[in-house]
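Chain by chain, the residues:
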Amino acid sequence: MKIETYLDSLVSYAMNQGLAEACDHQVLVNRLLDLMHMDDYTPSDEPQIEDLEEILAGILDYACKYNICEDNITARDIFDTRIMGTLTPMPREVIRTFNEKYAQDPVKATNWYYKFSCDTDYIRRYRIAKDMRWKYNSKYGLIDITINLSKPEKDPKAIAAAKNAPQAGYPKCQLCRENEGYAGRMNHPARANHRIIPIKIGGKDWFLQYSPYVYYNEHCIVFNGEHVPMKIDRAAFEKLLDFVTVFPHYFVGSNADLPIVGGSILSHEHFQGGHYTFAMETAEIEKEITFDGYDDIKAGIVKWPMSVIRLDGKDPKRLADLADKILTLWRNYSDESVGIVAFSDGEPHNTITPIARRRGNLYELDLVLRCNVVSEEHPLGVFHPHADKHHIKKENIGLIEVMGLAVLPSRLKKELVNLSEAVAEGRDISNDEELQKHAAWIEELKKKYTFDKDNALDIILDETGKVFSEVLEDAGVYKCTEDGRKAFMNFIDAVNSK
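The present account deals with the structure reproduced in this document. Computed from a predicted model, the values in this text were never measured in an experiment. (Residues numbered from 1 in each chain as written. Predicted model: local features only at pLDDT ≥ 70, side-chain atom pairs only at ≥ 80, totals over all residues. Heavy atoms only, no water.)

### Considerations on the pairing of strand 13 (residues 350–359)
Then, number 1: By the criterion of burial, strand 13 is predominantly enclosed, with eight of the ten residues buried.
Then, number 2: In this structure, strand 13 lies alongside strand 14 (residues 362–371), joined through ten bridges in antiparallel fashion. Looking at the pairing, threonine 351 lines up with arginine 370 of strand 14.
Then, number 3: The antiparallel hairpin formed by strand 13 and strand 14 contains two residues in its connecting segment, where glycine 360 sits at a positive phi of about 65°. (Buried < 20%, exposed > 50% of the residue type's maximum accessible area, 1.4 Å probe, protein only. Helix = DSSP H or I, 4+ residues; strand = E, 2+ residues; numbered from the N terminus. Pairing = 2+ DSSP bridges.)

Written as structure tokens, this is what we have:
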């Protein structure tokens, strides 16, 4: 197929998705010809292509063939983002449209902005479609299990290129507002097709965008206009509650502000939110509790593997007051009978993962108690996935997983399929380089199940969900046992004694 067919198809795609109008046609064609180092052009007489992935693949193959683009995953991603950047409207147009729709209805605004972010290929729908997703019916509710494949793994050529690329301090991180329209480099993702929405949070300049990897529906990121570190304090609670005032149909939460129990980027203050109902949100209240002086706030301990205090009230200021009181005590609270240590050698260990949402006219705040203390038995964290579960999940338990959505490593897509085939065939995996990490787990499963080629994968997937629910239990500071719940109430009593 001729390169002109791919270019013409891309311009038509832009028109059809509302990224451009008929009067923009010639400018878009000329921009693409410049990118492709083409001096001659005649519109194609071949049928146009509608699928964006196929269009971009054809253009990329041409660019690699003629040495316009290096042929590795990262270079191709940078170049096709540059291509889509030529079609993406300027920020002023995007912001104007968003604000016009927000004036009608916040839901209309975010619906439009999410579709826009997909249409520009900032969110690569065709990669997200390859993700594995299923649910596990745990004793705490239906937990989401995902193996996210939309973030491409670098091939050896890309890894070498990134290693040899000069280090740069611009943008300071992948969240900074300077990423908007950034061309990218081998060690920093391209964002030529990225547009952000300015919003006010707590009277300060913040920005709204979507995650390009979309772990759940309308997975958004809300970030501070300044490059300042994550901090959980009263102001953080106020900002979260402020956001759900502006966008009442979204939830929003913050990763904790300490290593092990925090997110992957602690250097830039940001929250994550979206239009999705997690299992933790629907979990029932296990025990109602009261806090002295806060009769206007309904409170309870959530029936969840992690230790969650839920607060509901009409006044966000009062919720922030109580949340701050709980946080202040928790920062300095130790109970060595259940392994909670507030400080060691002057290093703080306790913090909170907070989540805000609306329930009708009420504001709701979930406070998840976290502790990042380590021990000789658990050098990666006492309240971190324990070693017997590392074959499934070794990484930190951040905000998204706290709420009941597992983000499992991409290696598992292949491993779980291969594992199911091996166990159905009765093969020994103890010396299999790829699968031996699962050997002890499989031996235990053989005591519960009779595997065959028809049921093996379903059993493996379901038991993977069970492992993740146990990972959440590992991460809970107060276990769902009589002793654990007694210790939890001791902390509540300590809050009330202050």
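### Here's the deal with the packing of aromatic side chains
Then, number 1: Scanning all chains against the criterion turns up 25 aromatic pairs.
Then, number 2: Here tryptophan 112 and phenylalanine 116 contribute two aromatic rings whose centre-to-centre distance is 5.3 Å and whose plane-to-plane angle is 25°, an arrangement assigned as stacked. Of this pair, tryptophan 112 and phenylalanine 116 both sit in helix 6 (residues 106–119), four residues apart, roughly one helical turn.
Then, number 3: Three or more aromatic residues joined by ring pairs make a cluster, and in this case those are Phe98, Tyr102, Tyr113, Tyr114, Tyr210, Phe243, Phe247 and Tyr250.
Then, number 4: The lysine or arginine in question, arginine 358, covers the ring of tyrosine 363, its NZ or CZ lying 4.1 Å from the ring centre. (Phe/Tyr/Trp six-rings, centres within 6.5 Å; stacked < 30°, edge-to-face > 60°. Lys NZ or Arg CZ within 6 Å of the ring centre and 35° of its normal.)

### Observations regarding the sheet that holds strand 14
Then, number 1: Read from one edge to the other, the open sheet built from ten strands follows the order 3-4-5-7-6-13-14-10-9-8, with strand pairing classed as antiparallel. A strand with exactly one partner marks an edge of an open sheet, and here the two such strands are strand 3 (197–201) and strand 8 (285–289). Strand-to-strand twist of the sheet, defined as the mean angle between neighbouring strand axes without regard to direction, takes the value 25°.
Then, number 2: Bridging between strand 6 (residues 251–253) and strand 13 involves two bridges; their strand directions are antiparallel. Of the residues in strand 13, the one forming a bridge with glycine 253 is isoleucine 355.
Then, number 3: Relative to the sheet, helix 9 (residues 234–246) contacts strand 3, strand 4 (204–210), strand 5 (220–224), strand 6, strand 7 (270–274), strand 13 and strand 14, its axis offset from that of strand 13 by approximately 20°.
Then, number 4: Together, strand 10 (308–313), strand 13 and strand 14 form the strand contacts of helix 11 (residues 316–331), whose direction differs from that of strand 14 by roughly 10°. (Axes fitted to C-alpha atoms, helices over the stretch in contact; angles between N-to-C directions. Contact = heavy atoms within 4.5 Å.)

### What to know about the side chain of histidine 270
Then, number 1: Mapping histidine 270 onto the fold places it in strand 7.
Then, number 2: Here histidine 270 falls in the buried class, since its relative accessible area comes to 8%.
Then, number 3: Among all residues touching histidine 270, those that are not within four sequence positions of it are Leu175, Trp206, Ile221, Val222, Phe223, Met230, Ser254 and Ile265.

### Section: unusual backbone geometry
Then, number 1: The amide bond that connects tyrosine 170 to the next residue, proline 171, takes the cis arrangement and shows omega of -15°.
Then, number 2: Following the sequence through the fold, proline 171 ends up in the loop between helix 8 (156–164) and strand 3.
Then, number 3: Phi angles above zero are rare outside glycine, and histidine 37 is one such case at about 55°.
Then, number 4: Tracing the backbone shows histidine 37 in the loop between helix 2 (25–35) and helix 3 (52–65).

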